[in-house]
Amino acid sequence: MTDQDQAAAKPLVEPLEAAWTRADGDAFAAEFAEDADFVNIRGDYFSGREAVAHGHAAIFGSIYAGSRIRYSVARLRELAPGVLLAHLDAHLHVPPGPAARDISAIPSLVLVADDGAWRIASFHNTTRLRA
């Protein structure tokens, strides 16, 4: 991606990072379409914005309490008018505690145009294994 592409894509990930930092499941899910699909790094499937919000509220209050996520857009391309495919680089830092670790992942997102904004229709997260 060019620097210009990265600058244009940044608004797609900034609200997700900000919501994660605040541990706000509702704000995280607000970036999703009402009927969104979400698959987490363990392969658990959630359907709908409400399920995304509830699932994230649960992890923000438990295994990922105090964690920080950083997203960057690695690739962005138009699949059809009003439909984008984005691949992100994700880096999660979980502070000291029972689940302390750093996780790298590559989420794949399908974004759809919705009243002048992009909404996540599908988010599939996959952990990167390091040798």
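Residues numbered from 1 in each chain as written. Predicted model: local features only at pLDDT ≥ 70, side-chain atom pairs only at ≥ 80, totals over all residues. Heavy atoms only, no water.

Draft legend 1. Main features of the side chain of Asn40. The residue Asn40 is located in the loop between strand E1 (32–39) and strand E2 (45–47) in this model. Since its relative accessible area comes to 15%, Asn40 is described here as buried. A polar side-chain atom of Asn40 sits 2.9 Å from the main-chain amide nitrogen of Asp44. Leaving out residues up to four positions away in the same chain, Asn40 has contacts with Phe46 and Asn125. (Helix = DSSP H or I, 4+ residues; strand = E, 2+ residues; numbered from the N terminus. Buried < 20%, exposed > 50% of the residue type's maximum accessible area, 1.4 Å probe, protein only. Polar contact = N/O pair within 3.5 Å; in protein donor to acceptor, adjacent residues only side chain to side chain. Contact = heavy atoms within 4.5 Å.)

Draft legend 2. Structural view of the pattern of salt bridges. Within the structure shown, the criterion is met by five salt bridges. In this structure, the salt-bridge partner of Asp24 is Arg22, at a minimum N-O distance of 3.9 Å. Between Arg119 and Glu31 there is a salt bridge; the shortest N-O distance is 3.7 Å. Placement of the pair is Arg119 in strand E7 (residues 117–124) and Glu31 in the loop between helix H2 (25–29) and E1, with a sequence separation of 88 residues. Of the residues examined, Glu31 reaches a relative accessible area of 18% and is grouped as buried. (Salt bridge = Lys/Arg side-chain N within 4 Å of Asp/Glu carboxyl O.)

Draft legend 3. Geometry of the layout of surface pockets. Taken as a whole, the largest pocket encloses approximately 430 Å³ of empty space. Contributing to the lining of the largest pocket are 26 residues, with Trp20, Asn40, Ile41, Ile59 and Tyr64 lying nearest its centre. Among the secondary structure elements, those contributing two or more residues to the lining of the largest pocket are helix H3 (49–60), strand E3 (68–80), strand E4 (83–94) and strand E5 (101–105). The class makeup of the residues in the lining of the largest pocket is 18 nonpolar, five polar and three charged. (1 Å grid on protein atoms, 1.4 Å probe; cavity = no way out; pocket = protein on both sides within 12 Å on 5 of 7 lines; lining within 4 Å. Points joined across faces, edges and corners; volume = space filled by probe spheres on them. Nonpolar A, V, L, I, M, F, W, Y, C, P; charged D, E, K, R; others polar.)

Draft legend 4. Just unusual backbone geometry, in detail. Here Ala23, not a glycine, exhibits a phi torsion of approximately 55°, which is positive. We classify Ala23 as partly exposed; its relative accessible area is 42%.

Draft legend 5. Inspection of the packing of aromatic side chains at higher detail. With the rule as written, the count across this model stands at eight aromatic pairs. Summarising the aromatic geometry, the rings of Trp20 and Phe60 are spaced 4.9 Å apart at their centres and angled 75° between planes, so their arrangement reads as edge-to-face. In this pair, Trp20 sits in helix H1 (residues 3–21) while Phe60 sits in helix H3, placing the two residues 40 residues apart along the sequence. The two residues Trp20 and Phe60 agree in class, both being buried. With a centroid separation of 6.1 Å and 35° between ring planes, the pair formed by Trp20 and Tyr64 is classed as tilted. A residue pair is termed long-range when its members are at least 10 positions apart, and Trp20 in helix H1 and Tyr64 in the loop between H3 and E3 qualify at 44 residues. (Phe/Tyr/Trp six-rings, centres within 6.5 Å; stacked < 30°, edge-to-face > 60°.)

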